[in-house]
Every structure is written in structure tokens, then in C-alpha cells.
Amino acid sequence: IAVMAALLLLSLSMSSNVSSAMTVPKSRVGSTRMARMVQSGGALRSFKAAEQRNPTRVFSSMPAVGDKYEVNIEKPLGLGFARGNDGGAYIIKIDGRKGNVDPRCEIGDKMVEISASFGDEVWKAENFGQIMYAIRTRNGGLFFKFEKRDGDMSFLEMDTKDREFKKERAGGNYGAGTREVQMKNYITSKENERVRMDLFNQGLADYKSGNYENAVFKFEDVLGMEPPNYVGDNFARITPVYEVASYNIACCYSKMKNTEACLSAFNDALNAGYDDFEKVRTAEGLKEIREAEPEKFNKILNRYDEPVFDPKLVEGFKNFFGIGKK
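Remember, it's a predicted structure, so these values are computed and weren't measured experimentally.

A short note on the state of the cysteines
Part 1 of the argument: Tallied over the entire structure, the rule returns zero disulfides.
Part 2 of the argument: Here Cys 251 stays unpaired: no disulfide links it, and the sulfur of Cys 252, its closest cysteine neighbor, is 7.1 Å away.
Part 3 of the argument: A relative accessible area of 4% means that Cys 251 is categorised as buried.
Part 4 of the argument: The class of Cys 252 is buried, set by a relative accessible area of 0%.

In C-alpha cells:
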């Protein structure tokens, strides 16, 4: 009996030790794991792996609808933004192949705050053009504060009755409500078009007066007001004013001698469809970037307008035959 009692006491002691070894606070484990994920730069992969192991726990860490959450993301960004009806910036694209993302970000979330273009200051995200300026010109990572909206895309709708209109049309009905919404949306689209052109012209005026930073703000607003699902008479999916505004942004950064921002904007302009390559090679607007970074400039340009003859080959041909030498 004494031996059995001793064995029982030993068993209880071992059980107590094992139990106490597993009492690490769950909150501490979770915060440490998240810190490691952020520090390692593998937040998205770690998040997905954790989700597979314990989906309930990960889901509970996502912000609730209406909550505000903060993220730090290194450039390049895999997020795309559009200008809402209130002038704010909303997430409309998330593509991890193009850049860095945060797993908490979802399409429809609204930007509330953003890092300033330099320093530790944080800007209220109230001016779309200023927001895009900060994203393009800031070196290193960016701080964002977003508001969770659960995929709500109503910021792009022209009329608050738009959803009822779509439901009515899908049901095969065409009543007075539908006609009213169609007329309101037509008027709104024309008003947005007028406002957009006003911003474009203000940007041109700022550019001509040498106020390049304000010009960038205006031109970025023009880009942010690009109508969704646009199809032109020639089946183009991008409006002509978008192409020109993109080119003008590159010119502004060239004049400001911000080479990295200029090269980024220049690539975006050509990618958007701007194809006046003769102007690109000779215009005064891009003179600074052509002189400061000729190789990088031509590398981007040649991706969209590859020259018939290799310039180096032509130069070698001239040297070999003494063409142009006196």
C-alpha cells in the first residue's frame, strides 16, 4: 500500500509539472508570432499557414466592419486605389504578384491616414492627389490606417438608388424608378466629367506656373476619377485624359528632379497607353530625366517603342566608317 501511494504521488507531481509548462498566455504567443511574421516580411505566407492550422483564431484577428486598423507596408505596393465620391482613397485592387500587401486589407477598405512624403508626420487621407503623391515619393515603407468596409463598393456608385435600379433591371422591369436613376446617373457622369476636366486644366495651369507639386495633386485626382468599365469609341479601356495626365505627372517629377518618382510615373504613363514616342524623346517636359538617367529612361521607353536599329550598333557603324567626324 505504501508503494502504491508513493507511485500515485509521483504521478500527480509529474502531471502538475506538465500542466504548468503549457500555461504560456495565448495572447503573448499570438502577439509574438505576429511580430515575427511582420519582422520577417512574410506576413502573408505566415498568415495563410496559420489560417490553415487554426482558421477560427486567425479570423478573429481580422478587424470588424467599421473598425480602423494600422498597417506598415514596404514598397512596391500590391494595392491599387481609386478616388471615391467623397474624394477619399479606397482599395480597388490587391495583387501580391505586383508588390507587398497585408492580409487584413480588403477591396473596399477606405484609407484614413497615410505617412507624409517624408519624415515621421502622418497625413489625414482627405486629398486623393496628395495621397498618391506621398505613395510615389516616399522612400522605404508606408504607414496606413484603413477603415474596414467588408467589400462595400458603394463609393463608386453614382446614385444611392443604384443597387435598387440594378435589381429592378435584372428582374426584367423598367419603370419610372429605373428611368429616374438612369437620368440622375447620366447627369452625374457629365458633372464628374466636367469636374475632371477642370482639375486637369488647373493642373496644367500649376505646371506652367512652376508649381509642380500642386500640379501632381491635380493630375493624380484626374487619374483617380477614371470611370469604371469605360469603353471608348475605338474600344479603348482607358480615357484619353488618363493617358495625358499620366504623362504630365512624369513631366512634373522630371522638373522636380525626383528621378525615381519620375521613372515610375513615366513607366505608368506608357503602360496606360501614352504613345507619342517622338514627343517623349524630344519634349522639354522630360528633359531633366533624359539627361539624369539616360540608360534607365531608354530602357523603359524601348519596352514600349523598340527602335528599328540598336543605337549602340548605329554608333559603332558611324565610328567604324568615320561618319560624322571632321
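Text resumes after the structure shown.
What to know about the environment of Gly 96
Part 1 of the argument: When you line up the elements, Gly 96 lands in the loop between strand 3 (89-94) and strand 4 (110-115).
Part 2 of the argument: By relative accessible area, Gly 96 is classed as partly exposed at 48%.
Part 3 of the argument: Note: C-alpha distance between Gly 96 and Leu 77 (19 residues apart in sequence) is 8.3 Å.

Regarding helix 8 (residues 212-224)
Part 1 of the argument: For helix 8, spanning 13 residues, the distance from its first C-alpha to its last is 18 Å, which sits close to the expected 18 Å at 1.5 Å a residue.
Part 2 of the argument: Within the sequence span of helix 8, burial applies to Ala 215, Val 216, Phe 217, Lys 218, Phe 219, Glu 220, Asp 221, Val 222, Leu 223 and Gly 224.

Focus: the packing of aromatic side chains
Part 1 of the argument: If you walk through the whole model with that rule in mind, you get 11 aromatic pairs.
Part 2 of the argument: Between Tyr 133 and Tyr 253, the ring centres sit 6.2 Å apart and the planes meet at 10°, which makes this aromatic pair stacked. Of the two residues, Tyr 133 sits in helix 5 (residues 128-137) while Tyr 253 sits in helix 9 (residues 240-255), which places them 120 residues apart along the sequence.
Part 3 of the argument: Looking at Tyr 133, the relative accessible area reads 8%, which means it is buried.
Part 4 of the argument: What links up through ring pairs into an aromatic cluster is the set Tyr 69, Phe 81, Phe 144 and Phe 146.

Comments concerning the pattern of salt bridges
Part 1 of the argument: Applying the stated criterion across every chain yields a total of 20 salt bridges.
Part 2 of the argument: Residue Lys 124 is joined to Glu 113 by a salt bridge in which the shortest nitrogen-to-oxygen separation is 3.2 Å. Placement of the pair is Lys 124 in strand 5 (residues 122-124) and Glu 113 in strand 4, with a sequence separation of 11 residues.
Part 3 of the argument: One salt bridge connects Glu 288 with Lys 255, and the closest N-O pair in it is separated by 3.1 Å.

Quick notes on the nonpolar core
Part 1 of the argument: Counting residues in each nonpolar core, the largest one holds 34 residues, and the members touching the most others are Tyr 247, Tyr 253, Phe 266, Val 280 and Leu 286.
Part 2 of the argument: For this core, the element with the most residues is helix 9, which contributes eight residues.
Part 3 of the argument: Membership of the second largest hydrophobic core comes to 23 residues, among which are Tyr 69, Phe 81, Phe 128 and Ile 135.

Quick notes on the rules
Residues numbered from 1 in each chain as written. Predicted model: local features only at pLDDT ≥ 70, side-chain atom pairs only at ≥ 80, totals over all residues. Heavy atoms only, no water. Disulfide = S-S within 2.5 Å. Buried < 20%, exposed > 50% of the residue type's maximum accessible area, 1.4 Å probe, protein only. Helix = DSSP H or I, 4+ residues; strand = E, 2+ residues; numbered from the N terminus. Expected span 1.5 Å × (residues − 1). Phe/Tyr/Trp six-rings, centres within 6.5 Å; stacked < 30°, edge-to-face > 60°. Salt bridge = Lys/Arg side-chain N within 4 Å of Asp/Glu carboxyl O. Core = buried A, V, L, I, M, F, W, Y, C linked by side-chain atoms within 4.5 Å.

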